[in-house]
Amino acid sequence: MKKIIVSGGGTGGHIYPAVAVAEALKRRFGDEVEILFVGAEGKMEMEKIPDLGYRIVGLPIVGLQRRLEWRNLLIPVKIWKSLRKARRTIRDFKADIAVGFGGYASAPVLWMAQRMGVPTLIQEQNSYAGVTNKILAKGARRICVAYEGMERFFPGEKISFTGNPLRGRFSKEGADRGEALKYYGLSDSMPTILVVGGSLGTRSLNEMMKSWIRRTEGKAPVQVIWQTGKYYEKEMQEFLRQHPAAHVWQGAFIDRMDYAYAAADVVVSRSGAGTVSELCLVAKPTVFVPSPNVAEDHQTKNARALADKQAALLVPDRECREKAMECAIELARDPERMSRMSANIEKLATPNAAEDIVDEIVKVMK
């Protein structure tokens, strides 16, 4: 029986790659593997992971508040308690390996595993390494990355290029385009732009859409699938009631991303690691609008890594309200450029990332 601790959390960007690898481990080893997740108390993984059928232990670890707050005074105590609980968890579970996917939840358990002689492997999703993974890299046996040039942050001899693991199946072929357009009530006679800002939504992309609809008075040579996010849904529905827009589908969520990608000619999106990996697999010409509100500005660095290879376009968040939709429409009118960008972004796809990371886990355990 292989006993594997998987740790990472705080955001979906850390949780879902971890789950994708856990699923790949289950596919390969079935009942011969036991997986224990370790997360942070009060964070989304404590709800999401049990819903997926996995056991999880929560540590009292918290992140540093960027503003001067009294809660920062409790951090040393919480770190000490987290290390003690991590040690007890590793010992009681009798872990063969600890695998970390970033986020401060993974720091205590992997740091403690390294000091207990339990081998560790880390996976870095972004083109700019996170603080936790940079700290853990020295003691890790293997480091799985999704971008070239990560020797800037990690020892080169430990790096394996695997790409980012994704849940679900994404591919260039994907769903039937005709079915997808019908699903959204759209026509096959106009280019389609997909605007997607994540499950909670993105204020900048929603304001971009509002500005564009006002400028075009709801009439434009394209149709749009507009995912507003849960947080902004009522506000954007009210806006559309006041400013009716032809050929715009609006929803808080997109349940069928395979249909959304199949229908889209061009995508306007944030550039989180998981989203970038999906877009590489579906080979869609994309205008990235990186979020400026993330650690180390890693979304801009992710987008820049693709833009430098002519695999995507980049519009800064501060300019997106006036420029991003116009940029996407111009791209949708240029089939040759779209074809080149599609070919370039497809070259960066890593469809077997989860399985490749499992290969590395097996090597480390041996």
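Structure's up top.
Residues numbered from 1 in each chain as written. Predicted model: local features only at pLDDT ≥ 70, side-chain atom pairs only at ≥ 80, totals over all residues. Heavy atoms only, no water.

*Asks:* Describe the sheet that holds strand 8 (residues 192–196), naming the residues involved and giving the relevant values.
*Replies:* Strand pairing within a sheet occurs via backbone hydrogen bonds; the two strands may be parallel or antiparallel. Spatially, 10-9-8-11-12-13 is the arrangement adopted by the 6 strands of the open sheet, whose pairing is parallel. Across the chains shown, the open sheet's two edge strands, defined by having one partner strand only, are strand 10 (248–251) and strand 13 (313–314). Summarising the sheet, strand 12 (residues 286–288) and strand 13 pair through 2 bridges and their orientation is parallel. Within strand 13, the position partnered with Phe288 by the bridge is Leu314. Its contacts with the sheet place helix 7 (residues 203–216) against strand 8, strand 9 (223–227) and strand 11 (266–269), and it is angled at close to 150 degrees to strand 9. (Pairing = 2+ DSSP bridges. Helix = DSSP H or I, 4+ residues; strand = E, 2+ residues; numbered from the N terminus. Contact = heavy atoms within 4.5 Å. Axes fitted to C-alpha atoms, helices over the stretch in contact; angles between N-to-C directions.)

*Asks:* I'd like a rundown of the environment of Lys134, residues and numbers included.
*Replies:* Mapping Lys134 onto the fold places it in helix 5 (residues 131–136). Accessibility expressed as a relative area gives 32% for Lys134, which makes it partly exposed. Setting aside residues no more than four positions away along its own chain, Lys134 makes contact with Tyr128, Ala129, Phe153 and Phe154. (Buried < 20%, exposed > 50% of the residue type's maximum accessible area, 1.4 Å probe, protein only.)

*Asks:* Could you give an account of the packing of helix 7 against helix 8 (residues 233–242), naming the residues involved and the relevant values?
*Replies:* Packing of helix 7 against helix 8 brings their axes to within 11 Å, and their N-to-C directions diverge by 0 degrees. Between helix 7 and helix 8, the interaxial angle falls into the category roughly parallel. Across the interface between the two elements, Arg203, Asn206, Glu207, Lys210, Ile213 and Arg214 of helix 7 pack against Glu235, Met236, Phe239 and Leu240 of helix 8. Taken together, the residues of the contact of helix 7 with helix 8 sort by class into 4 nonpolar, 1 polar and 5 charged. (Parallel < 35°, antiparallel > 145°, perpendicular 65-115°, else oblique. Nonpolar A, V, L, I, M, F, W, Y, C, P; charged D, E, K, R; others polar.)

*Asks:* Let's hear about the packing of aromatic side chains: which residues, and what values?
*Replies:* This model, assessed by the stated rule, comprises 7 aromatic pairs. Seen in terms of ring centroids, Tyr231 and Tyr232 are 5.0 Å apart; in terms of plane orientation they differ by 80 degrees. Their pairing is edge-to-face. The exposure class assigned to Tyr231 is exposed, which follows from its relative accessible area of 66%. Owing to a relative accessible area of 11%, Tyr232 belongs among the buried residues under this scheme. (Phe/Tyr/Trp six-rings, centres within 6.5 Å; stacked < 30°, edge-to-face > 60°.)

*Asks:* So what about the pattern of salt bridges? Which residues, and what values?
*Replies:* Under the defined criterion, the tally for this structure stands at 23 salt bridges. Glu346 is the salt-bridge partner of Lys172, the closest N and O atoms lying 3.3 Å from each other. Of this pair, Lys172 sits in the loop between strand 7 (159–161) and helix 6 (177–183) while Glu346 sits in helix 13 (residues 335–346); the two residues are 174 residues apart in sequence, bridging distant segments of the chain. In this structure Lys172 comes out as partly exposed when scored by relative accessible area, which is 46%. A salt bridge links Arg215 to Glu322; the nearest nitrogen and oxygen atoms lie 3.3 Å apart. Remark: Glu322 occurs in helix 12 (residues 320–332) and Arg215 occurs in helix 7; sequence separation between them is 107 residues. In this structure, a network of salt bridges that share partners links the residues Arg203, Glu207, Lys210 and Glu235. (Salt bridge = Lys/Arg side-chain N within 4 Å of Asp/Glu carboxyl O.)

*Asks:* Could you give an account of unusual backbone geometry, with specific residues and numbers?
*Replies:* In the Ramachandran plot, Ala283 falls in the positive-phi region, its phi being about 55 degrees despite a non-glycine side chain. As for its placement among the helices and strands, Ala283 is situated in the loop between helix 10 (273–282) and strand 12. Phi is positive for Gln310, which is not a glycine, with a value near 55 degrees.

*Asks:* Tell me about the side chain of Ser211, and please be specific about residues and values.
*Replies:* Along the chain, Ser211 turns up in helix 7. One polar contact links Ser211 to Arg215, side chain to side chain, over a distance of 2.6 Å. (Polar contact = N/O pair within 3.5 Å; in protein donor to acceptor, adjacent residues only side chain to side chain.)

*Asks:* Can you lay out the sheet that holds strand 7 for me, pointing to particular residues and giving the numbers?
*Replies:* The parallel open sheet is built from 7 strands, whose spatial order is 3-2-1-4-5-6-7. Of all strands in the sheet, those with a lone pairing partner are strand 3 (55–59) and strand 7, marking the two edges. Each adjacent strand pair in this sheet contributes to an overall mean axis angle of 25 degrees, direction not counted. Bridge count between strand 6 (residues 142–145) and strand 7: 3 bridges; the pairing is parallel.

*Asks:* For the environment of Ala332, give the residues involved together with the corresponding values.
*Replies:* Position of Ala332 among the secondary structure elements: in helix 12. Given a relative accessible area of 13%, Ala332 falls into the buried group. Separated by 52 residues in sequence, Ala332 and Cys280 place their C-alpha atoms 18 Å apart. Setting aside chain neighbours within four positions, we find Ala332 in contact with Pro191, Val266 and Met338.

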